[in-house]
Each structure stands twice: as C-alpha cells, then as structure tokens.
Amino acid sequence: MRLDTQLKNIRSFSYKKMHLDKTGHGFDHIQRVVNMSEQLLKYENADNLVTLSAAYLHDVADDKLSDDPAALEEEMRTFLQKNSLTTAQITKIILITQNLSFSKSLESDRLELSLEGKIVQDADRLDAIGAIGITRAIYYGGAHAEKIYDPAILPRQTMTKKEYRDLSQETIINHFYEKLLKIKDMLNTETAKRIAESRQQVMLSFLDSFKREWNAEK
Ligand code: ADP
Ligand code: NI
C-alpha cells in the first residue's frame, strides 16, 4: 500500500474517533499536531510514516477521553495491520501514543521517547502554548467548570499525575503557571524551541494584561 494511501486511511480513522471531542482534543487539534510534525520532520532524520501516524493517533486511546483505552488501542493495532504497516512500525507508533502525555512525562520511571515520539511530543506541546494554547486552556477550563482566576488559590508547586487531574482547586490562570509557561523548557527539538519563544511572549503578554485588567488598572 502506498504511503499516502496509508496516511489518508489513518487520518479518516482518527477523524472518526476524535471529531466529537469537546474538550480541546477535537480533530482540529490533531490536524495542527500533524501539520507541525510535518514542519519539524524537515529538520530531523526521522521516519515520516511512524511520526505522522503517531501524530494522528496520539490522543485516540487517551484515558482522559475514554473509559476503555485498552480496547481503543487494540482497535488501533488491528486497523494499522489492515493498512499494511509492519509489526515494527505498529509497535513504535503504539509506544509513542502510550508515552507522550504531560502526566506521563512527570512519572519517575518514564521511558525515553524515540526521535519520532519526540517530534510528536513537541508538536503536541507547541499546540498548548501561544494564542492557540490560551484559547484551548479557556475552552478546557469552561468545559470543566474551572474558575477563571482566584488570587487566593495559589498555583500548585508539585504536580503528581493525581494532582494534575484534580480540577477542584484549579483555575484557568493557574494552569499557565503550573504547566503552560514551563513547556518551552521541556521541548526536545531545536526547531520547536525556537518556535516556542514567540509563543511564550504571547502568553506572558496575555497574563500581564489579564492581571492589570483584573485589578482595574487604567
Ligand atoms: P494533551 O493530551 O493534548 O497533551 P491535555 O489533555 O493535557 O493535552 O490538555 C488539553 C488542552 O487543555 C491543552 O491545551 C491544555 O493546556 C488544556 N488544559 C489541560 N488541563 C487544563 C486545566 N486544568 N485548565 C485549563 N486548561 C487545561
Ligand atoms: Ni494532543
């Protein structure tokens, strides 16, 4: 099977699984991660099919989005086999989807990602910062009934997986201090680090304006 046919089929599979998500993981997020992965691939000597497949599939079996991630993973595996990907390619893709997330990267026994995984992780993280990142944080916060801001709730310093998922004491603005502003120092590739610089400025400028307006500054 031709590579473009394989990718077209993987794109449709991902679309079917993701397009109904209303918490910031919709297919628009997936397509941006694929597009950014394509940009990063230009500067890295990585396997294009593995990288782009993992980009399309990285959120499909997320345990935040599904009650049965193991079943979705199995479905993914069978689907990739039907599309003539080799066992080695499938293993690499699934391993990436299992180890990409921010909460996974906080675990002490985390696995070193392959170059393809590092590219998709960078693309996924770049989509959480800058103007798109601000929009997604507000969208997610609204969907989870978070407060916009509360100066009495301080950003959490420690971030275990459990704490990261406990939204009862979370505010949208704190999410920037707990996660989004730290992303620029967690990127793998030089290209992503460069792209992150201007996106960081966009967030800092937003937070600065937000606080000044909150305090009724003229
Ligand atoms: P992904 O799985 O794509 O890496 P997440 O599931 O962690 O990302 O988050 C999806 C989007 O929602 C991101 O843009 C992230 O910044 C935002 N988000 C996650 N948790 C919160 C939160 N507690 N408050 C506001 N935004 C959040
Ligand atoms: Ni994602």
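The written sequence of each chain sets the order in which its residues are numbered from 1. To read the labels, note that chains go from A and ligands from 1, taken in the order they are written. The predicted origin of the model limits local features to residues at a pLDDT of at least 70 and limits the giving and counting of side-chain atom pairs to 80 or more, whereas totals for whole chains, interfaces and linings rest on all residues. Water and hydrogen atoms play no part in the side-chain values, which are based on all heavy atoms of the structure.

## A few points about helix α1 (residues 3-18)
What counts, and what does not: For the purposes of this entry, the term helix denotes a DSSP run of H or I that reaches at least four residues, the term strand denotes a run of E that reaches at least two, and both are numbered from the N terminus. A helix is expected to span 1.5 Å multiplied by its residue count minus one. Throughout, exposure labels follow a simple rule: accessible area from a 1.4 Å probe, protein chains only, divided by the maximum for the residue type, with under 20% read as buried, over 50% as exposed, and the rest as partly exposed. The arc in question is the one spanned by the directions pointing from the helix axis to the C-beta atoms. Every residue pair with non-hydrogen atoms within 4.5 Å of one another is taken to be in contact.
Between its first and last C-alpha, α1 extends 22 Å over 16 residues, near the 22 Å set by a 1.5 Å rise per residue. By the burial criterion, the buried members of α1 are Gln6, Leu7, Ile10, Phe13, Ser14 and Met18. Around the axis of α1, the buried residues are gathered within 120° of arc, so they sit on the same side. Seen from the open side of α1, the exposed residues pointing more than 90 degrees away from its buried face are Lys8 and Lys16. Its buried side turned inward, α1 meets α2 (27-41), α3 (48-57) and α4 (69-82).

## A word on the nonpolar core
Within soluble globular proteins, side chains that are nonpolar generally end up buried alongside one another. Defined as follows: Definition of nonpolar core: a set of buried residues of the types Ala, Val, Leu, Ile, Met, Phe, Trp, Tyr and Cys, connected through side-chain atoms within 4.5 Å. Domains are outlined according to an automatic or database domain assignment.
Tyr56, Leu57, Leu80, Leu126 and Phe176 are the most contacted members of the largest nonpolar core, which has 54 residues in total. Here this core spans two domains, since at least three of its residues come from each of domain 1 (1-107) and domain 2 (128-218). Discounting residues that sit within four places of it in the chain, phenylalanine 176 has contacts with Ile134, Ala137, Leu181, Met203, Phe206 and Leu207.

## A few points about the coordination of the nickel ion (ligand 2)
Which entries qualify depends on this criterion: Metal-coordinating donors are taken as N, O and S atoms lying within 2.8 Å of the metal, or within 3.2 Å when the metal is Na, K or Ca; because water is left out, some sites can appear incomplete.
Taken together, His29 (NE2), His58 (NE2), Asp59 (OD) and Asp124 (OD) make up the protein donors of the nickel ion (ligand 2), found 2.1 to 2.3 Å from the metal. Each donor residue of the nickel ion (ligand 2) lies on one chain, and together they are spaced H-x28-H-D-x64-D. A residue pair is termed long-range when its members are at least 10 positions apart, and histidine 29 in helix α2 and histidine 58 in the loop between α3 and α4 qualify at 29 residues. The same class applies to histidine 29 as to histidine 58, namely buried.

## Describing the environment of tyrosine 43
Following the sequence through the fold, tyrosine 43 ends up in the loop between α2 and α3. Overall, the relative accessible area of 54% leaves tyrosine 43 in the exposed class. Considered as a pair, tyrosine 43 and alanine 143 are 100 residues apart in the sequence and their alpha carbons are 37 Å apart.

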